[in-house]
Amino acid sequence: MEGKSQKIRTRFPPSPTGWLHVGNARTALFNYLFSRHANGALVLRIEDTDKERSRKEFEDDIIEQLSWLGLTWDELYRQSERLEIHTAYLRRLLESGKAFYCAHTKEELETEYKRQVGEKATPRHVCDQRDKGGKEGIIRLRNDAKTPLLFSDLIRGDITFNPELLGDISIARGLESPLYNFVVVVDDAEMRITHVIRGEDHIPNTPKQMLIQQALDFVAPAYAHLPLLLGADRSKLSKRHGGTAVRDYHAVGYLPEAVVNFLALLGWNPGTDRELFMLEELVKEFSLEKVQKAGAVFNEEKLAWINRAYMRSLSPEQLASKLAPFLEQAGKSGMPSDVVKRMARVEASRLSRLKDIEQNLAIYTEAPAYNINLLSWKGTQDIAEIKTHLAEVRKLLRDIMEGEFVLEILEKILMPYAAAHSKGNVLWPLRVALSGREASPGPFEIMYVIGKEETLKRIDNALQI
Ligand code: GLU
């Protein structure tokens, strides 16, 4: 290998036993960034050996959400389709005597486990019947290692383990059902993975995997264990903290660019104050040296902030097209496209997520119903005064041409009148006449969105009641 650099190959190996978790998406992203930065390859490996818990819909979700985030991979494998390979390696270990069928029954192993836990000893099984030559039971790797196992984690530095605490490692339930640690080692080697980048929770698996590698004469990949994700209370991120599935963030209308940006900052930092990065920029900037050891707090407010920044950078046309599926969900797919575009312009600075559009949607699509008292500014205006102002405003609006019914002109024409009568007295009844709500976007914005005809209609309605 000397002198010749090896092509970097990373892998993302999710188990399809649940909706893609944000923590796993972060792992996928870091693998993607690391391999793309080095012009290497990323392998997506569906770890579906647990037949009871694996489901096709979860696999579909993994693919759908990764694609939504804009992450791509170069090769795709399913572990369930590789059983022959795994079995061949199991046979090899059994034939060489490096692995054996453990004759102990489930009950015996359980009793031993309970005793060890009771004695506060590390649970492990050192088999006293390795050479019985049985053909049934758990297949274990013979572990006689005494010297400390050491690996240099690219994020955490040197980590050592005492191999005597691991016992004889279980690697399969039988020739046809290999277990996680074994399958991962075989697949990582077969797929020529150079860097294993995964969550910190996998550190305890690493020494077991190293022993299996040694038994199979495999070269160990480099390891980088990413910091844990923490909730706002600094405990490990879990369902308790709210949404943890990527699809939930997708469904409420976070933009994929914002989610990627946010996930990248969970443990990685560019070394500057800069916080907004598009995917290509992350590829350029990313390095494992800038990944921290300490847990990374998952702060949803920060995600919302990033999302607002991305939404504001869109043109009204772009935002309108992103809003379309949410309008459809709300049963408003029939909204005229120019109204949607104007609404996008007005709402761009208000929305944290696309789905938030639902809160104000009715203002733009339905004639308001409200209690007449609401028209009165601070409840102190009498009906005659309100009527005068609304009628005056109506006159001013009537003279604006349809094509000039835009924010700037509306303000220019109405503001002098409003200012002359103290703004609240004019703008409050007008805003209520338009929205029917105690709180809403301002009157100019609503008028701009709904257009001249609808504006005059709503004012007429108010004048009537
Ligand atoms: N399938 C494992 C998981 O989803 C992968 C662990 C690994 O990266 O080795 O946690």
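Our subject is the structure listed above.
Cut-offs used in this document
- Residues numbered from 1 in each chain as written.
- Predicted model: local features only at pLDDT ≥ 70, side-chain atom pairs only at ≥ 80, totals over all residues.
- Heavy atoms only, no water.
- Helix = DSSP H or I, 4+ residues; strand = E, 2+ residues; numbered from the N terminus.
- Rg over C-alpha atoms; globule rule 2.2 N^0.38 Å.
- Buried < 20%, exposed > 50% of the residue type's maximum accessible area, 1.4 Å probe, protein only.
- Areas by Shrake-Rupley, 256 points an atom, 1.4 Å probe, with all protein chains shown as cover.
- Lys, Arg positive; Asp, Glu negative; His and termini not counted.
- Charge placed at Lys NZ, Arg CZ, Asp CG, Glu CD.
- Near = heavy atom within 4 Å.
- Polar contact = N/O pair within 3.5 Å; in protein donor to acceptor, adjacent residues only side chain to side chain.
- Nonpolar A, V, L, I, M, F, W, Y, C, P; charged D, E, K, R; others polar.
- Contact = heavy atoms within 4.5 Å.
- Expected span 1.5 Å × (residues − 1).
- Salt bridge = Lys/Arg side-chain N within 4 Å of Asp/Glu carboxyl O.
- Phe/Tyr/Trp six-rings, centres within 6.5 Å; stacked < 30°, edge-to-face > 60°.
- Patch = residues over 30% accessible without salt bridge, like charges linked within 9 Å, V, L, I, M, F, W, Y side chains within 5 Å.

Along the protein chain, the regular secondary structure elements total 17 helices and 12 strands. Here the C-alpha atoms of the protein chain give a radius of gyration of 31 Å, more than 25% beyond the 23 Å that 2.2 N^0.38 yields for 465 residues. Taken along its principal axes, the extent of the C-alpha atoms in the protein chain is 100 × 55 × 35 Å. Counting the 465 residues in the protein chain, one finds 48% classified as buried. Total accessible area computed for the protein chain in this model is approximately 23,100 Å², and 50% of it derives from carbon and sulfur atoms. Of the side chains in the protein chain, 64 bear a positive and 66 a negative charge, and the two mean positions are spaced by 1 Å.

So, about the site of the ligand. Residues in close proximity to the ligand include R11, P13, P14, S15, E47, Y180, R198 and H202, which together make up its full environment. Between Y180 and the ligand, the recorded distance is 2.7 Å, taken from a side-chain N or O atom to an oxygen atom. The side chain of R198 places a nitrogen or oxygen atom 2.8 Å from an oxygen atom of the ligand. Among the residues forming the shell around the ligand, the class breakdown is three nonpolar, two polar and three charged.

Among the secondary structure elements, Y310 is positioned in helix α10 (residues 300–312). Residues Y310 and L255, 55 residues apart in the sequence, show an inter-C-alpha distance of 7.6 Å. Residues contacting Y310, with those up to four places away along its chain left out, are L255, E257, A258, N261, L276, F277 and M278.

Compared with an ideal rise of 1.5 Å per residue, which puts 14 residues at 20 Å, helix α11 (residues 316–329) spans 20 Å between its outermost C-alpha atoms and is within 8% of the ideal. Those residues of α11 that sit buried are L319, A320, L323, F326 and L327. Each element contacted by the buried residues of α11 is listed here: α7 (246–251), α10, α12 (337–347) and α13 (357–365). At the exit of α11 stands G331, carrying a positive phi of roughly 75°.

This part is about the side chain of K452. Here K452 shows up in helix α17 (residues 443–464). Summary of buried charges: K452 has no salt-bridge partner, and the nearest side chain of opposite charge, E402, is 5.5 Å away. If we skip the residues at most four places from it in the chain, K452 touches L397, R398, I400, E402 and F405.

A few words now on the packing of aromatic side chains. Here a ring pair, both rings aromatic, is described through the centre-centre distance and the interplanar angle of the planes. This structure, assessed with the given rule, holds 11 aromatic pairs. Ring centres of W268 and F277 lie 5.5 Å apart, and the angle between their planes is 75°; this geometry places the pair in the edge-to-face category. For the residue pair W268 and F277, the accessibility class agrees, reading buried in each case. An aromatic cluster is defined as three or more aromatic residues linked by ring pairs; in this entry it consists of F30, W268, F277 and F286.

Together, E107, E108, E110 and D128 make up a region of like negative charge exposed at the surface. Looking at where D128 falls in the secondary structure, it is placed in the loop between α4 (106–118) and β5 (138–141).

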